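What the coordinates show
This is what each chain is made of:
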Amino acid sequence: MPVSSRRQLLSATALVAFSAPALGRSITGRMPWKPNEAYPPELARPGGWYFLNPAEVATLEAITSRLIPADDLSPSGKDAGCVVFIDRQLAGPYGTYEWLYMQPPFSDNPLPTQGIQSPLTPQQQYRLGLAALATHCRDSFGGKTFEQLAEADQVKLLQGMEKGEVKLPGLNAPRQTTTMLFNLILQNTMEGFFADPVYGGNKDMCSWKMIGFPGVRYDFRDVLDNPGKPYTKPPVSIMGRPDWNGKPA
Amino acid sequence: MRAQILAAGFLAAASLLGAGQARADADNFTEVERGKYLAILGDCMACHVGSDGQSMSGGHMLETPFGRIAVPNLTPDPETGIGRWSADDFNRAMHEGKRPDGTHLYPAFPYTSFTLMSRSDNDAVFAYLQAQPAVKNQVDRSTLPFPFNVRLLMAGWNMLNFTPGTFRPDPNKSDEFNRGAYLVEGPGHCGLCHTPRNLIGGDKGGAHLEGGPLQGWFAPSLTADRRTGIGAWTEQEIVEYLRTGVTHRSTASGPMAEVVELSTSRMTEADLKAIAVYLRERAPAPAASNPTPVAATDSRMRAGEAIYLDSCAACHVGNGAGVAGIFPRLADSQFVQQGDPTGVLRVVLQGAKAAATPHAVTGPAMPALGWRMTDQQVADVATYIRNSWGNAAPAVTADQVKAMRSVAGGH
């Protein structure tokens, strides 16, 4: 009975539509406004480590400096503050996936459309993953830690992790693979390098200067009126820039 | 058929009356309507609005330099409002600043201006107030601290600051000018904010409508000074500002936004024109105050320019021109160039909301910037805005910003 079921579907939909509580706030007359209304970003606290332990910091400083080596274009990932950024993120809501649904069941063989199927939070992924890396280095490189390896060996190891050719002990799909660990660190390093300096990385807006990103400016009418001319304004962070905030951003 | 038309007409008329005036009876409908308009001219609602947002049942606390005063209930409730007052009582309050029992009202109630209102206008306002629904709302009328809670003190205050008066039109001026004078000096009580106060809260002598601080804002000068007053405003610009809350020169915000929304935007075009004529012809410009602008090379100006570029220019544009109809112009702005930077600092620290009127419905808002700038940074950007693009006004200090921050609150 196609007609009747279609009708049933429509009326069921209508019923849901009309009986769902109105969650939105209706605004009439004028836009709401409150004095002093502001939602300031949580600034990265300077100094110390809030989640990572010293061994993890040393390893991540080496990894981020291999992923973003110091050169003519920018300082290294470590000197840009990427490890500070990662530490502060892990200590914050990101570290526990506070906003994600993290209850089982987790699929052992997930479809790509199923998204994250690991029960491990970023805090656990870093802690377990870096421990596995330390074990691997100790066993395969005569008791050395990752940061004690020659740079060429570090790069080679990272490449092996990226391609899945190196399998760190104890890391198994679908909870955590070696490639997943590499990708996580790479992702967070890039985020730290390019995010606003208020979050701990991108020191002195170094990455923005490198690629010519203007920062939190959002109006370019002055520039649009002068096509073909170089853009000369300095980048600006959420909390300003050294020309007026007295801080090196 | 004819009976039906009549009946329908009667019903329509009855429902119109019912919708407009709850308690108006046929024999004073015109008087009540006249009083309603006069109450708009006087912006009674701005202070006397009750917690219901509809009635004039009062109750909210008015900030004054001498303490907080709870605004009385003007509805005809016999116990808590003015239901037992007579028209004579009301006229006495308006004309002499006294209650029916002879005790003194405080001049936060602008009887110093309302004293110029005619008896017939006061009667009309009274008729309107009495025609409103009574709302029971007991207001504590003794909230001021000692010694200001002694109402008898106001007798002395009145001796120094107040003479009951009547409006005397200037025979050498047009009817329009005189109507404007009556509106501005009488019911409109513009001077309550726009005239600086003396130490005891009276009008500062010889400074009529020269602008003054109040409630953590600054009401700009209304003199013919071109830099700080309305000397450069055309009649049409003044009318447009009062009617819509916005012109290419300025946008009403803070307490003036309320005045525009509740009062001036509801005035007739003829009355707005009369106000404009009066303000423009009222008095010659006082001795021009042309401060030398702070040099662009000054370190405060350099820092201010960088802050402006990063934090202000996106809306107000690099050259301070703003965007007509939405972002106020800062270059050649009177608000920006007042001698006292209170208004500018308030807006920078706390943000601001423009008036929203039926003629300019958007009511654009400016976000608060106090959270991301230190006192010195706010001072520098204010100094820059006040001394760029042809503007000139005294530099702002971090101490002034600090003082403003304690008033404006926030982060």
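Residues numbered from 1 in each chain as written. Chains lettered and ligands numbered in written order. Predicted model: local features only at pLDDT ≥ 70, side-chain atom pairs only at ≥ 80, totals over all residues. Heavy atoms only, no water.

Naming follows an unreviewed UniProt entry, where chain B appears as Alcohol dehydrogenase of Teichococcus deserti. As stated in UniProt under Subcellular location (unreviewed entry), the record for chain B gives "Cell membrane". (UniProt positions renumbered as here; feature names shortened; annotations may be inferred.)

Chain A appears in an unreviewed UniProt entry as Gluconate 2-dehydrogenase from Teichococcus deserti.

Topic: unusual backbone geometry
With glycine set apart, most residues show a phi of negative sign, and most peptide bonds adopt trans. Residue and element names in this part refer to chain A. Following Pro 104, the chain continues into Pro 105 via a peptide bond in cis, with omega recorded as 5 degrees. Examined against the element boundaries, Pro 105 turns out to sit in the loop between helix 3 (82-91) and helix 4 (122-140). Backbone geometry at Met 205 places phi at a positive 55 degrees, although glycine is not the residue there. (Helix = DSSP H or I, 4+ residues; strand = E, 2+ residues; numbered from the N terminus.)

Re empty space enclosed by the protein
The probe, sized like a water molecule, is rolled over the atoms to show the empty space still left. Across all of its chains, the model carries 4 cavities of 30 Å³ or more by this definition. The wall of the largest cavity is formed by A:Arg217, A:Tyr218, A:Asp219, A:Asp222, A:Lys233, B:Leu309, B:Asp310, B:Ala313, B:Ala314, B:Val317 and B:Gly318. Looking at the lining of the largest cavity, the elements that each hand over two or more residues are helix 13 (299-311) and helix 14 (313-316) of chain B. Taken as a whole, the second largest cavity spans an internal volume of roughly 50 Å³. Residue lining of the second largest cavity: B:Arg68, B:Ile69, B:Tyr106, B:Arg141, B:Ser142, B:Thr143, B:Leu144, B:Asn149 and B:Arg151, and that is the complete set. Here the lining of the second largest cavity is composed, by residue class, of 3 nonpolar, 3 polar and 3 charged. (1 Å grid on protein atoms, 1.4 Å probe; cavity = no way out; pocket = protein on both sides within 12 Å on 5 of 7 lines; lining within 4 Å. Points joined across faces, edges and corners; volume = space filled by probe spheres on them. Nonpolar A, V, L, I, M, F, W, Y, C, P; charged D, E, K, R; others polar.)

Concerning the environment of B:Arg197
Residue and element names in this part refer to chain B. One can find Arg 197 in the loop between helix 9 (191-194) and strand 3 (212-214). Placed 129 residues apart in sequence, Arg 197 and Ile 326 show a C-alpha to C-alpha distance of 33 Å. Dropping the residues within four chain positions of it, Arg 197 is found in contact with Gly 191, Leu 192, Gly 202, Asp 203 and Lys 204. A distance of 3.1 Å separates a polar side-chain atom of Arg 197 from the backbone oxygen of Gly 201. Separated by 2.9 Å, the side chains of Arg 197 and Asp 203 make a polar contact. (Contact = heavy atoms within 4.5 Å. Polar contact = N/O pair within 3.5 Å; in protein donor to acceptor, adjacent residues only side chain to side chain.)

Comments concerning the packing of helix 3 of chain A against helix 4 of chain A
All names here are of chain A. Packing of helix 3 against helix 4 leaves a shortest axis separation of 9 Å and a crossing angle of 125 degrees. Classified by the angle between their axes, helix 3 and helix 4 sit oblique to one another. In contact with Ile 86, Leu 90 and Ala 91 of helix 3, helix 4 contributes Pro 122, Gln 123 and Tyr 126. Tallied by class, residues from the contact of helix 3 with helix 4 come to 5 nonpolar, 1 polar and no charged. (Axes fitted to C-alpha atoms, helices over the stretch in contact; angles between N-to-C directions. Parallel < 35°, antiparallel > 145°, perpendicular 65-115°, else oblique.)

Description of the side chain of B:Thr383
All names here are of chain B. Mapped onto the elements, Thr 383 comes out in helix 16 (residues 375-386). Assessed through its relative accessible area of 0%, Thr 383 is described here as buried. In terms of polar contacts, Thr 383 uses its side chain to reach the backbone amide nitrogen of Val 396, at 2.9 Å. With residues near it in sequence (within four places) discarded, Thr 383 still touches Val 294, Met 301, Ala 395 and Val 396. (Buried < 20%, exposed > 50% of the residue type's maximum accessible area, 1.4 Å probe, protein only.)

Looking at the UniProt feature "binding site: heme c 2" (unreviewed entry) in chain B
Residues and elements named next belong to chain B. Taking the numbering used here, the UniProt-annotated feature "binding site: heme c 2" (unreviewed entry) corresponds to Cys 190, Cys 193 and His 194. With respect to the helices, strands and loops of the structure, Cys 190 is situated in the loop between helix 8 (175-185) and helix 9. Residue classification places Cys 190 among the partly exposed residues on the basis of a relative accessible area of 22%. Sequence-distant contacts of Cys 190, defined by excluding residues within four places in its chain, comprise Val 184 and Leu 209. Relative to the helices and strands, Cys 193 resides in helix 9. Among the residues examined, Cys 193 registers a relative accessible area of 28% and is labelled partly exposed. Apart from the residues lying within four places of it in its own chain, the contact partners of Cys 193 are Gly 212, Leu 214 and Ala 219.

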